[in-house]
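# Coordinate inspection notes
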Amino acid sequence: MTDRNVPLVQARGIVKRYGHVTAIDHSDFELRHGEILAVIGDNGAGKSSIVKAICGAIQPDEGEILIEGKPVRFSSPIEAREMGIEIVYQTLALSPALSIADNMFTGREIRKPGILGKWFRMLDKPAMERFAREKLNELGLMTVQSIKQPVETLSGGQRQGVAVARAAAFATKFIIMDEPTAALGVKESRRVLELIKEVRARGIAIILISHNMPHVFEVADRIHIHRLGRRLCTIDPRDYTMSDAVAFMTGAKVPEEAAATV
Amino acid sequence: MTNAGGSAPGGQDFEQVLDHSDARVAQFQRRRTALDRVQHLLHNNPTLVAVFVLLLSLVAFGIVAGERFFSAFNLSLILQQVSIIGMLAAAQSLIIITAGIDLSVAAIMVLMSVIMGNLAVNMGVPTPLAILVGFAGGAAAGAMNGLLITKVKLPPFITTLGTWSIFFALNLWLSGAQSIRSQDIDANAPLLKFFGRSVNVAGAQITYGVVLMIALFVLLWYMLNYTAWGRHVYAIGDDKEAAEMAGIRTDRTLVSVYALAGLVCAIAGWASIGRVGSISPQSFYEGNLQSITAVVIGGISLFGGRGSILGALFGALIVGVFQSGLRIAGVDVLWQVFAIGWLIIIAVAIDQWIRRVSA
């Protein structure tokens, strides 16, 4: 097994420039095994950019990224996915007209064994449906009527559930979640938060990008505060209040570096 | 996820009240009319409209035009008449499912039939080789459309409007605007007319071209529904950005769709030689639009991601049945065109209506 003391993800001195704009300015980043790391920051602070750099959606100009101690350079999120890194996008990346099972397996479908699969490239629909049902069950999401129903017939929370279940089913290292509760009501947000904790309980680390302070403080083990293109500090939510966190990320208050960096 | 789960430990204070909350969400008055049910059914199976219209028109023309319409011979004639446009509609369906459109399908088809004819009849190239060159040319022409759309990022409509002209001009140049006569084909390359041959089944003339069209539809239907590639084609038409994020190499898939459509057009080009008898650079000038007509009447959404390719077959058959029925009933040709026009408008209106379905 891997050494749990080596951080799951470690990024050092990441820089990304777009012309005159520096989106990431010598930023560091660290994700530990099995934790929920929340990433917060003001609009335009570059929190999405740093996370995109880690999953290969953008390629940094400088700096290095280590995953379990080994340097990596992803040219796309698809490459990151092959290493067991999954992303739940804010837009969910689901195809509305396709079924839940089809959506769970988009881009990694299972083919039938033998000649049917090899020569006729026939999909093993029963196997995919069985797997999808299993995964939704595990996460307590089986209130949908049928695994074959199109995603467009689901509620917002159910769709979020399908997207999270897809990521959880295939992630072996960590999952990036971009604003998973932003579009949801109170009850549905609660379900998604429980879902996030459930995924952590399975030993999969999570990077949670969110603006919602109560949600962040509830589920996060550590909070990465991003300001002006770089990591300002990482705090333990038990040591600070939400107002502290907001003060740090807006620059109203400066963290004591030694105490703040957990 | 209707279970509120509010009692879970660690919830926010304000959420504690959820335990006692009303578990209902906003509800609509569930007074489903028969019309709602039809709308839902069609939303799940848009091809049903085409099947229904086809059956209805068969019955209607059977009554109006009688025996002459409903004979085995006439029905098989309808199949022959729609076979070429049917194949073009199959190619067109692939593209419309990706939310694109291809105005150049018939131009590719005629160009490839001219290339096959030039090589085999005029230049003495072995016919099978000439046919293979035509197939490769069709795939290349389609791939060119696909590359312009994905790499140069041009809209499909404009791209294929341009390549339609380009392919048509090449076709006139290569053929010298001259037809290749039927006798010359028979003498030098009879294989080019293979799909014009037929078998007689109880009075029905089933050409190999008709069999080929049906085989192509079945094959493409299988590919679209039972392979990963097919699911990706639908996902791209549904929401390209989402498909990309979910891990589909959308550009590569799109180029493969256009190339495959080009290949199907080239196959239709071979079959068209058997159907028409000669090779004419001026033939099928309206084929591009007729293929779109069949696709639309077949219930495939122009917005992409919805509808079955088999719908395009039914769409082509509906057009064929209308033309045959109205002709036998002695109605002027102009009213056939008039009727097809209304069919298109009604089909698109139905598509819009079923897309508005309340989930």
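Procedures and definitions
- Residues numbered from 1 in each chain as written.
- Chains lettered and ligands numbered in written order.
- Predicted model: local features only at pLDDT ≥ 70, side-chain atom pairs only at ≥ 80, totals over all residues.
- Heavy atoms only, no water.
- Helix = DSSP H or I, 4+ residues; strand = E, 2+ residues; numbered from the N terminus.
- Buried < 20%, exposed > 50% of the residue type's maximum accessible area, 1.4 Å probe, protein only.
- Contact = heavy atoms within 4.5 Å.
- Areas by Shrake-Rupley, 256 points an atom, 1.4 Å probe, with all protein chains shown as cover.
- Lys, Arg positive; Asp, Glu negative; His and termini not counted.
- Charge placed at Lys NZ, Arg CZ, Asp CG, Glu CD.
- Rg over C-alpha atoms; globule rule 2.2 N^0.38 Å.
- Salt bridge = Lys/Arg side-chain N within 4 Å of Asp/Glu carboxyl O.
- Phe/Tyr/Trp six-rings, centres within 6.5 Å; stacked < 30°, edge-to-face > 60°.
- Core = buried A, V, L, I, M, F, W, Y, C linked by side-chain atoms within 4.5 Å.
- Pairing = 2+ DSSP bridges.
- Axes fitted to C-alpha atoms, helices over the stretch in contact; angles between N-to-C directions.
- UniProt positions renumbered as here; feature names shortened; annotations may be inferred.
- Bend = angle between axes of the 7 residues up to and from the residue.
- Parallel < 35°, antiparallel > 145°, perpendicular 65-115°, else oblique.
- Left-handed = near helix turned anticlockwise from the far one by under 90°.
- Nonpolar A, V, L, I, M, F, W, Y, C, P; charged D, E, K, R; others polar.

## Some points on the overall build of chain B
A count of helices and strands for chain B gives 15 helices and two strands. The C-alpha extent of chain B, read off along each of the three principal axes, is 90 × 50 × 35 Å. Among the 359 residues that make up chain B, the fraction classed as buried is 53%. Here the analysis covers contacts within chain B between residues at least 6 apart in sequence; of these, 75% occur between residues at least 24 apart. Of the accessible surface of chain B, which amounts to about 16500 Å², a share of 66% is contributed by carbon and sulfur atoms. Charge separation in chain B, taken as the distance between the mean sites of 20 positive and 17 negative side-chain charges, equals 7 Å.

## Some words on the overall build of chain A
Counting secondary structure elements, chain A contains ten helices and ten strands. Over its C-alpha atoms chain A spans a radius of gyration of 19 Å, differing by no more than 12% from the 18 Å that the globule rule assigns to 262 residues. With the C-alpha coordinates aligned to their principal axes, the bounding extent of chain A is approximately 60 × 40 × 40 Å. Each of the 262 residues in chain A was classed as buried or not, and the buried ones make up 56%. For chain A, the proportion of contacts with a sequence separation of at least 24, taken over those separated by at least 6, is 66%. Approximately 11300 Å² of chain A is accessible, and the part contributed by carbon and sulfur atoms is 51%. Averaging the coordinates of the 35 positive side-chain charges in chain A and doing the same for the 32 negative ones gives two points 5 Å apart.

## Comments concerning the pattern of salt bridges
All names here are of chain A. For the coordinates displayed, the defined rule picks out 27 salt bridges over all chains. Among the salt bridges present, the one from Glu198 reaches Arg202, with a minimum N-O distance of 3.4 Å. By relative accessible area, which is 32% here, Glu198 ends up partly exposed. Judged by its relative accessible area of 39%, Arg202 is partly exposed. When the shortest N-O distance is used, the salt bridge between Arg200 and Asp221 registers 2.9 Å. Of the two residues, Arg200 sits in helix α7 (residues 186-201) while Asp221 sits in the loop between α8 (213-219) and β9 (222-227), which places them 21 residues apart along the sequence. Look at the salt bridges and you will find they share partners, linking Glu30, Arg32, Glu35 and Arg222 into a network.

## Focus: the packing of aromatic side chains
Residue and element names in this part refer to chain B. Going through the model one piece at a time under the given rule, you end up with 18 aromatic pairs over all chains. Seen in terms of ring centroids, Phe69 and Phe70 are 5.8 Å apart; in terms of plane orientation they differ by 80°. Their pairing is edge-to-face. When the centroid spacing of 5.9 Å and the interplanar angle of 45° are considered together, the rings of Trp164 and Tyr285 count as tilted. Remark: Tyr285 occurs in the loop between α12 (250-276) and α13 (287-297) and Trp164 occurs in helix α7 (residues 156-175); sequence separation between them is 121 residues.

## Considerations on the nonpolar core
Core analysis: the largest hydrophobic core is formed by 95 residues, its most contacted members being Phe69, Met87, Leu88, Leu192 and Phe322 of chain B. In terms of residue count, the dominant contributor to this core is helix α5 (residues 105-122) of chain B (14 residues). Setting aside anything within four residues of it in sequence, one finds Phe322 of chain B in contact with Ser57, Phe61, Ala339, Ile340 and Leu343 of chain B. Leu136, Val164, Ala167 and Ala169 of chain A belong to the second-largest nonpolar core, a separate cluster that totals 36 residues.

## Quick notes on the sheet that holds strand β3 (residues 36-41) of chain A
Think of a sheet as strands paired side by side through backbone hydrogen bonds, with each pair either parallel or antiparallel. Residue and element names in this part refer to chain A. If you trace the six strands from one edge of the open sheet to the other, you get β6-β7-β8-β3-β9-β10, paired in mixed fashion. A strand with exactly one partner marks an edge of an open sheet, and here the two such strands are β6 (85-88) and β10 (230-235). Along the sheet, successive strands turn relative to each other by an average axial angle of 20°, direction set aside. Summarising the sheet, β9 and β10 pair through five bridges and their orientation is antiparallel. Counted as the bridge partner of Ile223 is Ile235 from β10. The sheet strands contacting α7 are β3, β7 (174-178) and β8 (205-209), and the helix crosses β8 at an angle near 150°. Each of β3, β9 and β10 touches helix α9 (residues 242-250); the most contacted strand, β9, lies at about 30° to it.

## Here's the deal with the UniProt feature "transmembrane region" (unreviewed entry) in chain B
The sites that carry the UniProt feature "transmembrane region" (unreviewed entry) are, in the present numbering, residues 47-65, 128-148, 154-174, 201-224, 255-273, 294-321 and 333-354 of chain B. Note that residues 255-273 of chain B is 100% helix and 0% strand, and that its end C-alpha atoms are spaced 27 Å apart.

## Notes on the sheet that holds strand β2 (residues 21-31) of chain A
Residues and elements named next belong to chain A. Strand order in the open sheet formed by four strands is β2-β1-β4-β5, and the pairing between neighbours is antiparallel. A strand with exactly one partner marks an edge of an open sheet, and here the two such strands are β2 and β5 (70-72). This sheet shows a mean twist of 30° between the axes of neighbouring strands, independent of strand direction. The sheet strands contacting helix α1 (residues 47-55) are β1 (9-18), β2 and β4 (62-67), and the helix crosses β2 at an angle near 65°.

## Quick notes on the environment of Arg181 of chain B
Structurally, Arg181 of chain B can be placed in the loop between α7 and α8 (182-188). Exposure remark for Arg181 of chain B: the relative accessible area of 47% places this residue in the partly exposed category.

## Focus on helix α4 (residues 72-97) of chain B
Each α-helix turn comprises 3.6 residues. Residues three or four places apart therefore point the same way. Residue and element names in this part refer to chain B. Largest kink in α4: about 45°, centred on Ser83. With 20 of 26 residues buried, α4 is to be regarded as a mostly interior element. Once α4 ends, the next one or two residues include Ala99, with phi positive near 70°.

## A few points about unusual backbone geometry
All names here are of chain A. Of note in this structure, Leu228 is not a glycine but carries a positive phi near 50°. Mapped onto the secondary structure, Leu228 falls in the loop between β9 and β10. Of the residues examined, Leu228 reaches a relative accessible area of 63% and is grouped as exposed.

## A look at the packing of α13 of chain B against helix α15 (residues 333-355) of chain B
Between two packed helices, the angle of one axis relative to the other and the distance separating the axes together describe the packing. Residue and element names in this part refer to chain B. Between α13 and α15, the shortest axis-to-axis distance is 9 Å and the interhelical angle comes to 45°. Between α13 and α15, the crossing angle belongs to the class labelled oblique. Read as a crossing pair, α13 and α15 show a hand that is left-handed. Across the interface between the two elements, Thr293, Val296 and Ile297 from α13 touch Ile340, Leu343, Ile344, Ala347 and Val348 from α15. Residue classes in the contact of α13 with α15 are distributed as seven nonpolar, one polar and no charged.

## Re the pairing of strand β2 (residues 204-207) of chain B
Residues and elements named next belong to chain B. When strand β1 (residues 198-201) meets β2, the two strands line up antiparallel, connected through four bridges. Bridged to Asn200 within β2 is Gln205. Between β1 and β2, which pair antiparallel and follow one another directly, the connecting turn spans two residues, one of which, Ala202, has a positive phi of 50°.

## A look at α13 of chain B
All names here are of chain B. With nine of eleven residues buried, α13 lies mostly within the body of the structure. Its buried side turned inward, α13 meets α2 (47-65), α4, α5, α7, α14 (309-328) and α15. At the exit of α13 stands Gly299, carrying a positive phi of roughly 85°.

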